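# Coordinates in review
Here are the chains, one letter per residue:
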Amino acid sequence: MKKQVKIIGCGVSGLTTGVLLLETGYTVEIITDKLPQETTSSKAAAVWFPYEVNPRDKAEKWGKVSFNRFLEFCSDEDSGVSMVPLTVLIEKEEDAWWINALPIGEMRKGSKAELPEAFPLGYMMEVPLVETQLYLDFLLARFKDLSGRVKQRKVGKLSEFTDSNTIVVNCTGLGSRELMHDDELYPIHGQIIKAKPQPKVTCILADFPFGETRDRLAYVVPRKDCLVLGGTSIKGEEDDAPNPDLIAGIIERCKAIEGNIEELDIQSVEVGLRPGRFEIRLEKDGNIIHNYGHGGGGFTVSWGCAEEVLKLINEMD
């Protein structure tokens, strides 16, 4: 008889792990103080790309797994997943370490005519776009359809889970600073603008920082419900309130890489605190498996990390 699994956290990592475990026959309950649309995951642009995620060798492997799973979801309109053309700008060739994370044939170098004049190096690829406003609800519905249970409450200590027949999966993201006293975790402030969609705008990102402090980003992600412009990558910033002083810079940088952006009809400005860490913590500790610290690549590695959790659980069960 398979052991019961309790997952702490209901962002993309917790939900994805829960769905995979249910699909393989485990009984799963998610315990969370925030439902999916209240988590940091809901504020992600969520185009497939391994940003701020380490170790790189594992990110490549986990990213490929997720890429293929997202491909399967593209046939389901309710999933919010679709394949889109993405342009990734780089400063120098060696920065494109993520090349091996893409399936063969999914990428090519951009020509001079295809790239912004001020940014001569870049790659063109087809990648999954995960529209979080749809996908998180899709995952939650799938989890419940598979008889998964969700209990909404805050977990103060993992030591409360002492039942030897229970396996605990910690997917609390930045919450593990408090829960696990993990001083290696830090917030990465990510501010985005959501504007009315513009049909001529394409999906593009600069895989390098801007500004004197090297913590300003530029990425443009067209979604069905809005046009996402980002952003920031301010390490150690704890305030999740939008900073109006950052808005003009985001717009300026995004227009520099995507010249089709016209006057914006801004719908909202949002901030997510990504769970930064020198590398993802995905390991077993007694009856607990930790799966957190995904930086800006939570969606990109979500299914690969879930498979790694499943492997560890199978070794325990």
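A quick note: this is a predicted structure, and the numbers were derived from the prediction, not measured. (Residues numbered from 1 in each chain as written. Predicted model: local features only at pLDDT ≥ 70, side-chain atom pairs only at ≥ 80, totals over all residues. Heavy atoms only, no water.)

This paragraph deals with the overall build of the protein chain. A tally of regular secondary structure across the protein chain gives six helices and 15 strands. The globule rule puts the C-alpha radius of gyration for 317 residues at 20 Å, and the 19 Å found for the protein chain is close to it. Along the first, second and third principal axes, the C-alpha set of the protein chain runs to 60 × 40 × 35 Å. Per-residue burial over the protein chain gives 54% buried out of 317 residues. (Helix = DSSP H or I, 4+ residues; strand = E, 2+ residues; numbered from the N terminus. Rg over C-alpha atoms; globule rule 2.2 N^0.38 Å. Buried < 20%, exposed > 50% of the residue type's maximum accessible area, 1.4 Å probe, protein only.)

A word on the nonpolar core. Taken as a class, soluble globular proteins show a tendency for nonpolar side chains to be buried jointly. Core analysis: the largest hydrophobic core is formed by 68 residues, its most contacted members being V5, W98, V127, Y135 and I313. A per-element tally of this core places helix 6 (residues 298-316) first, with 10 residues. The contacts of V5, once residues within four sequence positions are left out, are L21, Y26, T27, V28, E29, I167, V169 and I313. With 21 residues, the next largest nonpolar core counts L89, A195, A206 and C254 among its residues. (Core = buried A, V, L, I, M, F, W, Y, C linked by side-chain atoms within 4.5 Å. Contact = heavy atoms within 4.5 Å.)

A few words now on the layout of surface pockets. If you add up the space inside the second largest pocket, you get close to 350 Å³. Lining the second largest pocket are 17 residues; nearest its centre among them are Y51, E52, R56, W97 and D207. Of the residues belonging to the lining of the second largest pocket, the class tally is seven nonpolar, two polar and eight charged. (1 Å grid on protein atoms, 1.4 Å probe; cavity = no way out; pocket = protein on both sides within 12 Å on 5 of 7 lines; lining within 4 Å. Points joined across faces, edges and corners; volume = space filled by probe spheres on them. Nonpolar A, V, L, I, M, F, W, Y, C, P; charged D, E, K, R; others polar.)

With that settled, consider the packing of helix 2 (residues 56-73) against helix 6. Across the interface, helix 2 lies against helix 6 with an axial gap of 6 Å and an inter-helix angle of 105°. What the angle tells us is that helix 2 and helix 6 run roughly perpendicular. Here helix 2 contributes A59, K61, W62, G63, V65, S66, R69, F70 and F73 to the contact with helix 6, which in turn contributes F299, T300, V301, S302, W303, G304, C305, E307 and E308. A per-class count over the contact of helix 2 with helix 6 returns nine nonpolar, five polar and four charged. (Axes fitted to C-alpha atoms, helices over the stretch in contact; angles between N-to-C directions. Parallel < 35°, antiparallel > 145°, perpendicular 65-115°, else oblique.)

Attention now goes to the packing of helix 1 (residues 12-23) against helix 3 (residues 132-145). It is the contact of helix 1 with helix 3, at a shortest axis distance of 9 Å, that shows an interaxial angle of 35°. In the packing of helix 1 onto helix 3, the handedness of the crossing is left-handed. Residues V12, L15, T16, G18, V19, L22 and E23 of helix 1 form the contact with helix 3, whose participating residues are Y135, L136, L139, L140, R142 and F143. Its residues placed into classes, the contact of helix 1 with helix 3 shows nine nonpolar, two polar and two charged. (Left-handed = near helix turned anticlockwise from the far one by under 90°.)

Here we come to the side chain of N170. Summarising the element assignment, N170 is placed in strand 7 (residues 166-170). Its relative accessible area of 0% is what places N170 among the buried residues. Polar side-chain contacts of N170 include one of 3.1 Å to the side chain of H290. When neighbours within four sequence positions are excluded, N170 is seen to be in contact with I8, L158, S176, L179, M180, I288, I289, H290, N291 and Y292. (Polar contact = N/O pair within 3.5 Å; in protein donor to acceptor, adjacent residues only side chain to side chain.)

With 12 residues, helix 1 ought to run about 16 Å at 1.5 Å a step, and its terminal C-alpha atoms sit 16 Å apart, in line with that. Listed in full, the buried residues belonging to helix 1 are V12, S13, G14, L15, T16, T17, G18, V19, L20, L21 and L22. Where helix 1 ends, the next residue or the one after it, G25, has phi of about 100°, a positive value. (Expected span 1.5 Å × (residues − 1).)

Turning to the packing of aromatic side chains, a few remarks are in order. If you walk through the whole model with that rule in mind, you get 12 aromatic pairs. When the ring of F119 is compared with that of F210, the centres are 6.4 Å apart and the planes differ by 70°; the resulting orientation is edge-to-face. Pair noted here: F119 is in the loop between strand 4 (107-109) and strand 5 (122-130) and F210 is in the loop between strand 9 (203-206) and strand 10 (216-222), with a separation of 91 residues, a long-range link. Judged by its relative accessible area of 14%, F119 is buried. On the basis of relative accessible area, F210 is assigned to the buried category, the value being 18%. (Phe/Tyr/Trp six-rings, centres within 6.5 Å; stacked < 30°, edge-to-face > 60°.)

This part takes up the pattern of salt bridges. Following the criterion strictly, the structure yields 19 salt bridges and no others. With its nearest N and O atoms 3.3 Å apart, the salt bridge here joins E93 to K109. Of this pair, E93 sits in the loop between strand 3 (81-89) and strand 4 while K109 sits in strand 4, and the two are 16 residues apart along the sequence. Owing to a relative accessible area of 32%, E93 belongs among the partly exposed residues under this scheme. In this structure, E238 and R177 form a salt bridge, with 2.8 Å as the shortest nitrogen-oxygen distance. With E238 in the loop between strand 12 (234-235) and helix 5 (247-257) and R177 in helix 4 (residues 176-179), this pair connects stretches of sequence that are 61 residues apart. The exposure class assigned to R177 is partly exposed, which follows from its relative accessible area of 29%. Residues joined in a network through salt bridges with shared partners are K6, E29, R149 and K151. (Salt bridge = Lys/Arg side-chain N within 4 Å of Asp/Glu carboxyl O.)

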